[in-house]
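Remarks on the overall topology
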Amino acid sequence: MKISKIITAAIVLFSFDSLIKITFDDFRIHISHLLILGALLLCTISSKKWAVPYARSNKTIILLLAYLLLHAFIATDLKTYVIVLSYFLLAVIMHIAIFTYSQKINFSYFFKISLLILIITGLAQFILQHVFNFQISLGGLSEEYYNNGGSIVDRMRGLFLEPNWYGLYLAACLIGYITTTRVRKNHTWIILASLICLYLSGNRLTLYFSLISIAAFFYEKHAHRIPRLVLICACLAPIAFLIALTFSSSLSESFGEDRSASARSVTALKTATYMQSNFSFPSLLFGNGLSTWGEISFQANLSSRADSEKSKTARDTSESYVILFELGIIGAILFLLDFYAVCNLCKKRPEGSQMMILASLIFSAAFYYPIFYFMMYLAPYFAARTYCSLRSGEPNV
């Protein structure tokens, strides 16, 4: 079997998520990661050069990787540091595989097949729960976890552990599908089905960006290109809302009963106060160290999600303040640079608007979800990123 086909099969299999994951102690890895690692090993054996071309074309990711590796020198627990770092490494390895064989990957096929799998498994899980009262439980979680999880029990999640991850992956596939496919009338059903599944997943952020993507596509198809400033404002609105919620007492009171909205702002303020009192200037610049959030957030009572049993590897409801806490201002700037570079991919072509929307979805998700661990599964994002860099005639960033 050709290596490109192994990689294509691997990234498609991510749609089955927890159905084909393997657990090693506190670390869980997907079958797809093992296939990708095997494919890169075969690639290396066959003497195909991939390291240098990838490094030259993806400077912002290499800078991030180098910065995270340097944090080994300030790691308080080397084992915990290696576990947390490995999630980022697996995301980079997946990107390397897609980048190296991008000329042989049918991106449109990947997004379409992935959407079909997500729609079918999502509807199957939803029907089993609401019609037959049967809860699919994977990843070592019991049925009680979902039944006692409040609104989570009624939301569509397919074969993913939680609805938010299902919605994020589905939205990334949908935007990637719109980016790579010349959508015709006979394709609109898959877009409508995806929107229905996103709505049933109860994921407001991903539904918002999916609607922006569809609106931008049809607007640019029948009119001129959408003004870039309008698109930027629409894409950054969820982040602006969360910042306003954090620092505006009146707005915070209005959303006080919305636990998903208020939990992030409360923890962000607690974290800012802790950093102001306990961080030196070098710590503000370089952070407290990758993988240190979990234990300190539990000890200092910074987060309601802190758990004494899994405190060392835990993240939080938002990745934004965790990044600032662990990686400092420099780490945050490096992530911003990568976001800026991706938003400027293919900006003179129609695909550029869709890439900005997808990049903004992932960037905004860092303010709403603990996305650092989930990046290793986001094949749609890395596939769309690679596709757009090829279409622009520019090297990948």
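To be clear, the structure that these remarks concern was listed above.
A brief report on the enclosed structure follows.

Describing the overall build of the chain
Looking only at helices and strands, the chain features 18 helices and 2 strands. For the chain, the proportion of contacts with a sequence separation of at least 24, taken over those separated by at least 6, is 72%. For the chain, the accessible area works out to roughly 18300 Å², and carbon and sulfur atoms hold 65% of it.

Comments concerning the environment of Leu 358
Topologically, Leu 358 is positioned in helix H17 (residues 351–368). Linking Leu 358 and Cys 235, residues 123 residues apart in sequence, is a C-alpha distance of 9.2 Å. Excluding anything up to four places from it in sequence, Leu 358 contacts Ala 172, Ile 175, Pro 380, Tyr 381 and Ala 384.

Considerations on the packing of aromatic side chains
Applying the stated criterion across every chain, the model contains 22 aromatic pairs. Pairing Trp 293 with Tyr 321 gives two aromatic rings, centres 5.8 Å apart and planes at 50 degrees, and the pair type is tilted. With Trp 293 in helix H15 (residues 293–299) and Tyr 321 in helix H16 (residues 320–343), the pair connects residues that are 28 residues apart, well separated along the chain. Centre to centre, the rings of Phe 363 and Phe 367 are 5.6 Å apart; their planes meet at 65 degrees, and the pair counts as edge-to-face. Remark: Phe 367 and Phe 363 occur in helix H17; sequence separation between them is 4 residues, near one turn of the helix. Pair check on accessibility: Phe 363 and Phe 367 agree, each one buried. Each residue in the set Phe 14, Trp 165, Tyr 369, Phe 374 and Tyr 377 is aromatic and connected to the rest through ring pairs, giving one cluster.

Describing the pairing of strand E2 (residues 27–30)
Of the two faces of E2, the one carrying Phe 27 and Ile 29 and the one carrying Arg 28 and His 30 are both buried. Sheet topology note: the strand E1 (residues 21–24)/E2 ladder contains 4 bridges and is antiparallel. When the bridges of E2 are listed, Thr 23 appears paired with Arg 28.

Focus: the nonpolar core
Residues Leu 168, Tyr 169, Leu 358, Ile 371, Phe 374, Leu 378 and Tyr 381 are the most contacted members of the largest nonpolar core, which totals 113 residues. The greatest single-element share of this core, amounting to 14 residues, is contributed by helix H5 (residues 78–100). If sequence neighbours within four positions are ignored, Leu 378 has contacts with Met 94, Leu 168, Tyr 169, Ala 172, Ile 362 and Ile 371.

Description of the packing of helix H8 (residues 163–180) against H17
Contact geometry for H8 and H17: axes closest at 9 Å, N-to-C directions at 170 degrees. Relative to H17, the element H8 is oriented roughly antiparallel. On the side of H8, the interface is formed by Leu 168, Ala 171, Ala 172, Ile 175, Ile 178 and Thr 179, while H17 contributes Glu 351, Gln 354, Ile 357, Leu 358, Leu 361, Ile 362 and Ala 365. Of the residues contributing to the contact of H8 with H17, the split by class is 10 nonpolar, 2 polar and 1 charged.

Concerning H16
Because each turn of an α-helix spans 3.6 residues, side chains separated by three or four positions end up pointing in the same direction. If you check H16, its first and last C-alpha atoms are just 19 Å apart, much less than what 24 residues at 1.5 Å a residue would give, namely 34 Å. Along H16, the largest kink reaches about 120 degrees and is centred on Leu 327.

A closer look at a nonpolar patch on the surface
Together, Phe 281, Leu 284, Leu 324, Ile 329, Ile 333 and Leu 337 line one region of the surface with nonpolar side chains, adding up to about 530 Å² of accessible area. Elements supplying a minimum of two residues to the nonpolar patch: helix H14 (281–286) and H16. Of all the elements, H16 adds the most residues to the nonpolar patch, at 4 residues. On the secondary structure map, Ile 329 appears in helix H16.

Here is what the cut-offs are and how they apply
- Residues numbered from 1 in each chain as written.
- Predicted model: local features only at pLDDT ≥ 70, side-chain atom pairs only at ≥ 80, totals over all residues.
- Heavy atoms only, no water.
- Helix = DSSP H or I, 4+ residues; strand = E, 2+ residues; numbered from the N terminus.
- Contact = heavy atoms within 4.5 Å.
- Areas by Shrake-Rupley, 256 points an atom, 1.4 Å probe, with all protein chains shown as cover.
- Phe/Tyr/Trp six-rings, centres within 6.5 Å; stacked < 30°, edge-to-face > 60°.
- Buried < 20%, exposed > 50% of the residue type's maximum accessible area, 1.4 Å probe, protein only.
- Pairing = 2+ DSSP bridges.
- Core = buried A, V, L, I, M, F, W, Y, C linked by side-chain atoms within 4.5 Å.
- Axes fitted to C-alpha atoms, helices over the stretch in contact; angles between N-to-C directions.
- Parallel < 35°, antiparallel > 145°, perpendicular 65-115°, else oblique.
- Nonpolar A, V, L, I, M, F, W, Y, C, P; charged D, E, K, R; others polar.
- Expected span 1.5 Å × (residues − 1).
- Bend = angle between axes of the 7 residues up to and from the residue.
- Patch = residues over 30% accessible without salt bridge, like charges linked within 9 Å, V, L, I, M, F, W, Y side chains within 5 Å.
- Salt bridge = Lys/Arg side-chain N within 4 Å of Asp/Glu carboxyl O.

None of the figures reported here should be taken as evidence of function without further support.
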